[in-house]
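Architecture at a glance
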Amino acid sequence: MQLWQCVMWGVFGGVAVEGLEWSAVMRRGRWPWNKRLRAGPIIVSVLIRLGVGGVLAGAVGASGPMSQLSALSVGIAAPLIIEKMAQQIPGAESGNEPSTAGAERDGRGAVTRAGEANAL
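Residues numbered from 1 in each chain as written. Predicted model: local features only at pLDDT ≥ 70, side-chain atom pairs only at ≥ 80, totals over all residues. Heavy atoms only, no water.

1. A look at the packing of helix α1 (residues 3-28) against helix α2 (residues 40-62)
Where α1 contacts α2, the axes come no closer than 7 Å and their chain directions differ by 145 degrees. For α1 against α2, the interelement crossing comes out right-handed. Judged by residue contacts, Leu3, Cys6, Val7, Gly10, Val11, Gly14, Val15, Val17, Glu18 and Trp22 of α1 engage Ile42, Val46, Arg49, Leu50, Gly53, Gly54, Ala57, Gly58, Gly61 and Ala62 from α2. Taken together, the residues that form the contact of α1 with α2 break down as twelve nonpolar, six polar and two charged. (Axes fitted to C-alpha atoms, helices over the stretch in contact; angles between N-to-C directions. Helix = DSSP H or I, 4+ residues; strand = E, 2+ residues; numbered from the N terminus. Left-handed = near helix turned anticlockwise from the far one by under 90°. Contact = heavy atoms within 4.5 Å. Nonpolar A, V, L, I, M, F, W, Y, C, P; charged D, E, K, R; others polar.)

2. Brief notes about the packing of aromatic side chains
Under the counting rule described, the total for this entry stands at one aromatic pair. Arranged with centres 6.2 Å apart and planes meeting at 90 degrees, the rings of tryptophan 9 and phenylalanine 12 form a pair that is edge-to-face. Linking tryptophan 9 with phenylalanine 12, this pair stays in helix α1, spanning three residues, or about one helical turn. A residue is classified by how much of its surface remains accessible, and tryptophan 9, at 33% relative accessible area, is partly exposed. Judged by relative accessible area, which is 47%, phenylalanine 12 ranks as partly exposed. (Phe/Tyr/Trp six-rings, centres within 6.5 Å; stacked < 30°, edge-to-face > 60°. Buried < 20%, exposed > 50% of the residue type's maximum accessible area, 1.4 Å probe, protein only.)

3. Section: α2
Along its 23 residues, α2 runs 32 Å from first to last C-alpha, staying within 8% of the 33 Å computed at 1.5 Å per residue. Those residues of α2 lying buried are Ile42, Val46, Arg49, Leu50, Gly53, Gly54, Leu56, Ala57, Gly58 and Gly61. Where α2 is buried, its residues touch α1 and α3 (68-87). (Expected span 1.5 Å × (residues − 1).)

4. Points about the confidence of the model for the protein chain
Across the protein chain, the average pLDDT comes to 78, with 70% of residues at 70 or higher. Note on residues 114-120: pLDDT is under 50 here. Beyond four places in sequence and across chains, it has five contacts. (pLDDT = per-residue confidence, 0-100.)

5. A short note on the packing of α1 against α3
Interaxial distance between α1 and α3 falls to 7 Å at its minimum, and their mutual angle equals 50 degrees. The pairing of α1 with α3 is recorded here as oblique in orientation. Note on packing geometry: the crossing formed by α1 with α3 is right-handed. Residues Cys6, Trp9, Gly10, Phe12, Gly13, Gly14 and Val17 of α1 form the contact with α3, whose participating residues are Gln68, Ala71, Leu72, Gly75 and Ile76. Of the residues contributing to the contact of α1 with α3, the split by class is seven nonpolar, five polar and no charged. (Parallel < 35°, antiparallel > 145°, perpendicular 65-115°, else oblique.)

Below is the structure:
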């Protein structure tokens, strides 16, 4: 599959997700904006979502052979993929910190689980 096809399948994956979200909004009978809040920011966020899906699918497609279903899946999962990649950056702030329940800090400030031996 050519690179431009990967991008288009990624964009279509983003369109599918956005379409499902818009259909849920319409079933509730409310548009996501009112007279004070214009449609501009919502449209920009949708375009960003579609662009990220297309670019990410294109990047994955450029790294090797890829099927249409793979490119579509990358477009659908693009926000989650970007979020997980950002969590890999040292020092990046994230609201999804691992739980330290049942853990205690040793003398150096490292978190250890109950029952683990402290190796020096």
